Amino acid sequence: QYDLREQYPELANDIEFDHLSREILSSCGRGEIQRVNFWIGPSSGCNSPMHRDPFHNIFVQMRGHKSLLLCPEEHAGSLNLYPPPQQNTSSLDFVSCNANAEVLFEKFPEISTASADLEAAVIAPGDAVYIPKGYFHHFASQGNLATMSVNF
């Protein structure tokens, strides 16, 4: 995962936002883009732990598919977070559940209190997902993939 603006500053001018995007950026988050990350991965085994970020995020799937689990921050207490400095990351093995909510509740009953609020989806090329600041999220790759995220 690379911050495009930091690694390749000459590309920063190629990232354009229309009026609506500028309106969204100015009405929430920090009012400006914090990072633009681009990620390319192999066909299997690429997963992120369940974690939360300090920014709003628009996540765009460009190639391949990913399974996604989203969990509101009010359920942090049931996610068995690591102690500092990793207190933004769950110690539960979401990868072994393959982003399947039913398997997750079976394996980790302590998270069943979040069942009504947990969202699961498979995202495909061209899909974009808004992840609010503080929301926990877990991704599991399905095939060769490329993604981009814009943090604001």
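Basis of the calculations
Residues numbered from 1 in each chain as written. Predicted model: local features only at pLDDT ≥ 70, side-chain atom pairs only at ≥ 80, totals over all residues. Heavy atoms only, no water. Core = buried A, V, L, I, M, F, W, Y, C linked by side-chain atoms within 4.5 Å. Buried < 20%, exposed > 50% of the residue type's maximum accessible area, 1.4 Å probe, protein only. Phe/Tyr/Trp six-rings, centres within 6.5 Å; stacked < 30°, edge-to-face > 60°. Helix = DSSP H or I, 4+ residues; strand = E, 2+ residues; numbered from the N terminus. Lys NZ or Arg CZ within 6 Å of the ring centre and 35° of its normal. pLDDT = per-residue confidence, 0-100.

Chemist: Looking at this structure, I do not really get the nonpolar core. What am I missing?
Modeler: Considering soluble globular proteins, one finds that nonpolar side chains tend to be buried as a cluster. Counting 14 residues, the largest nonpolar core has Met-50, Cys-71, Leu-79, Phe-94, Leu-104 and Ile-111 as its most contacted members. Within the second largest apolar cluster, seven residues are counted, among which are Leu-68, Leu-70, Ile-131 and Phe-139.

Chemist: Would you mind showing me how to read the packing of aromatic side chains here?
Modeler: Centre distance and the angle of the planes are the two values used to describe a pair of aromatic rings. Applying the stated rule across the entire model yields two aromatic pairs. Between Phe-59 and Phe-139, the ring centres sit 4.2 Å apart and the planes meet at 20°, which makes this aromatic pair stacked. Taken as a pair, Phe-59 in strand β4 (residues 57–71) and Phe-139 in strand β7 (residues 136–151) lie far apart in primary sequence, 80 residues in all. The class of Phe-59 is buried, set by a relative accessible area of 6%. Judged by its relative accessible area of 6%, Phe-139 is buried. If you follow Lys-66 out to its NZ or CZ, it ends over the ring of Phe-139, 5.1 Å from the centre.

Chemist: Sorry if this is basic, but what is going on with unusual backbone geometry here?
Modeler: Excluding glycine, most residues fall at negative phi; most peptide bonds, likewise, are trans. A cis amide bond, omega 15°, links Pro-84 with the succeeding residue Pro-85. Looking at the secondary structure, you find Pro-85 in the loop between β4 and α3 (101–107). Backbone geometry at Asn-80 places phi at a positive 50°, although glycine is not the residue there. With respect to the element layout, Asn-80 can be found in the loop between β4 and α3.

Chemist: Explanation requested: the confidence of the model for the protein in the structure shown.
Modeler: A low pLDDT means the predicted coordinates there should not be read in detail. This prediction gives the protein a mean pLDDT of 81; 78% of its residues lie at or above 70. Strand β3 (residues 51–52) holds the highest mean pLDDT among the elements of the protein, 94, whereas helix α2 (residues 19–27) holds the lowest, 59.

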